[in-house]
Every structure is written in structure tokens, then in C-alpha cells.
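# Observations on chain architecture
Spelled out from the first residue to the last, the chains are:
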Amino acid sequence: SSETSAASPMDVVIRRVDITKGAFVIDNQQTGSKQELSNLNLALKADSLTGPFDITGDTLWSGQKIVVKATSGAVDGANGVYPIQASISLPSAATKLEFTGVVNSKTKGASGDVVFEADDIANAVKAVTGTAPSLPDGLGGKAEVAGKLVYSSTRVALDQMAVHVGALNYTGQMSVDG
């Protein structure tokens, strides 16, 4: 007896797709606003159309360099489950946001670990808003927020949360239900 393996339409391997010095423009003609990611550099790799996937790259947005890295495990399309590890950083502000968890397209939800770190919270705010905040004494410097993110159509929460900003330390939970 001989064994033959049936090829699936999902058995496509993408060794590497590169975008170099590209641009991505969002032109909202209803509001007249326009946003642009310039100097866009991305590399995409996929072992199959169901993953795992790797995306790495960087771009400029509002004059700030943004570095992105995302990896997924094998996608369970039948159940809408997408395991993801992702990080976004602003090197000039020594700021990083990371997520490790699962996104579910069927429930339009997500859950997993989230960590935000900034070497200097005032510098991080200025990098995003363009204006340095006036912070109370003791709240400057290094900042970290970590917890378990839960997102659903009825609840957004950060459970098992730990916040450290300057002299402030807080543990607890934050949620919006409804």
C-alpha cells in the first residue's frame, strides 16, 4: 500500500514577503483627516495560510519610529482562535507594549498577558501627544503596568494588575462592564 498526502489549499508556504520604504495612508474623506505610516519596512513569513506567522518591521508615524514584532501560533480557523505574541515599541521614548494571548474572531474577544513599560513616563507621553505632561512629585521616571487583559462585547478588564509609576505602587483590577 502506498500513502499519499492530499494537499490542502492552506498548504501555501510564504518564505518571506518584504515591504521596504513603503507607505500606508488612511485618508478619511468624511472627516478630512489623513494619517500616514511612512518609511514602512515589514517582513512577513508564514509556514502555511493557517500559521504560524511572523511579522517584523518598523515605520514612522507623526515623526516617531515605531517597531513592531508579532508571532502567531497555528490558527484554529474553525473556532476563530488566533494565538498571538506581539510587541510595539517607540525606541526614542524607551517605551514598549507587549501582548501574549489569544484573539477570538468568533466572539470578537481577546485575553492574555499585557505589559506596558516606559523608562520615563513623561517622555513616553510626550512622544505620543507632542506635549510633556506636568506630573505630581514622585510620579516621574520609570513606569510599568502589567496584568491579564480580558476583552469581550460586554467587558474590558485588566485583572491581576500591577502598576508601578515612580513612588506609586498599586495592585488590583480595573474593568468596564456593559
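Everything here concerns the structure above.
Only a predicted model underlies this, so the values are computations on that prediction, with no experimental measurement involved.

Cut-offs used in this document
- Residues numbered from 1 in each chain as written.
- Predicted model: local features only at pLDDT ≥ 70, side-chain atom pairs only at ≥ 80, totals over all residues.
- Heavy atoms only, no water.
- Pairing = 2+ DSSP bridges.
- Helix = DSSP H or I, 4+ residues; strand = E, 2+ residues; numbered from the N terminus.
- Core = buried A, V, L, I, M, F, W, Y, C linked by side-chain atoms within 4.5 Å.
- Buried < 20%, exposed > 50% of the residue type's maximum accessible area, 1.4 Å probe, protein only.
- Contact = heavy atoms within 4.5 Å.
- Axes fitted to C-alpha atoms, helices over the stretch in contact; angles between N-to-C directions.
- Polar contact = N/O pair within 3.5 Å; in protein donor to acceptor, adjacent residues only side chain to side chain.

### Concerning the pairing of strand β6 (residues 95–104)
Bridge count between strand β5 (residues 81–90) and β6: 10 bridges; the pairing is antiparallel. Within β6, the position partnered with Leu90 by the bridge is Thr95. Between β5 and the antiparallel strand that follows it, β6, lie four residues; Ala94 among them carries a positive phi value of about 45°. Both β6 and strand β7 (residues 109–118) contribute to a ladder of 10 bridges, which runs antiparallel. Across the sheet, the residue bridging to Leu97 is Phe116, located in β7. Taking the residues between adjacent antiparallel strands as the criterion, β6 and β7 are bridged by four residues, where Lys108 takes a positive phi near 55°.

### Comments concerning the nonpolar core
Grouped together as the largest cluster of nonpolar side chains are seven residues: Val114, Ile121, Ala143, Leu158, Met161, Val163 and Val165. Broken down by element, this core gets its largest block of residues, four residues, from strand β9 (residues 155–165). Sequence-distant contacts of Leu158, that is, excluding residues within four places in its chain, are made with Val114, Val145, Gly147, Lys148, Leu149, Gly172, Gln173 and Met174.

### Thoughts on the environment of Ala86
The residue Ala86 is located in strand β5 in this model. The class for Ala86 is partly exposed, based on a relative accessible area of 28%. Once the C-alpha coordinates of Ala86 and Asn123 are considered, the two residues, 37 residues apart in sequence, prove to be 23 Å apart. The residues touching Ala86, leaving out its near neighbours within four places in the chain, are Lys69, Ala70, Leu97, Glu98 and Phe99.

### Topic: the sheet that holds β6
One open sheet accounts for 10 strands, arranged β1-β2-β3-β4-β5-β6-β7-β8-β9-β10; its pairing is antiparallel. The open sheet has two free edges, formed respectively by β1 (14–28) and β10 (168–177), since each of these has just one partner strand. Taken over all neighbouring pairs, the strand axes of this sheet differ in orientation by 15° on average, direction set aside. Bridge count between β1 and strand β2 (residues 33–46): 10 bridges; the pairing is antiparallel. Counted as the bridge partner of Asp27 is Lys34 from β2. Here helix α1 (residues 121–129) sits on the sheet and contacts β4 (64–72), β5, β6, β7, β8 (143–151) and β9; the angle it forms with β7, its principal contact strand, is near 115°.

### Digging into the side chain of Asn41
The residue Asn41 is located in strand β2 in this model. Side-chain polar atoms of Asn41 contact the backbone oxygen of Asn39, separated by 3.1 Å. Residue contacts for Asn41: discarding those within four places in its chain leaves Ile19, Thr20, Lys21, Thr56, Gly57 and Asp58.

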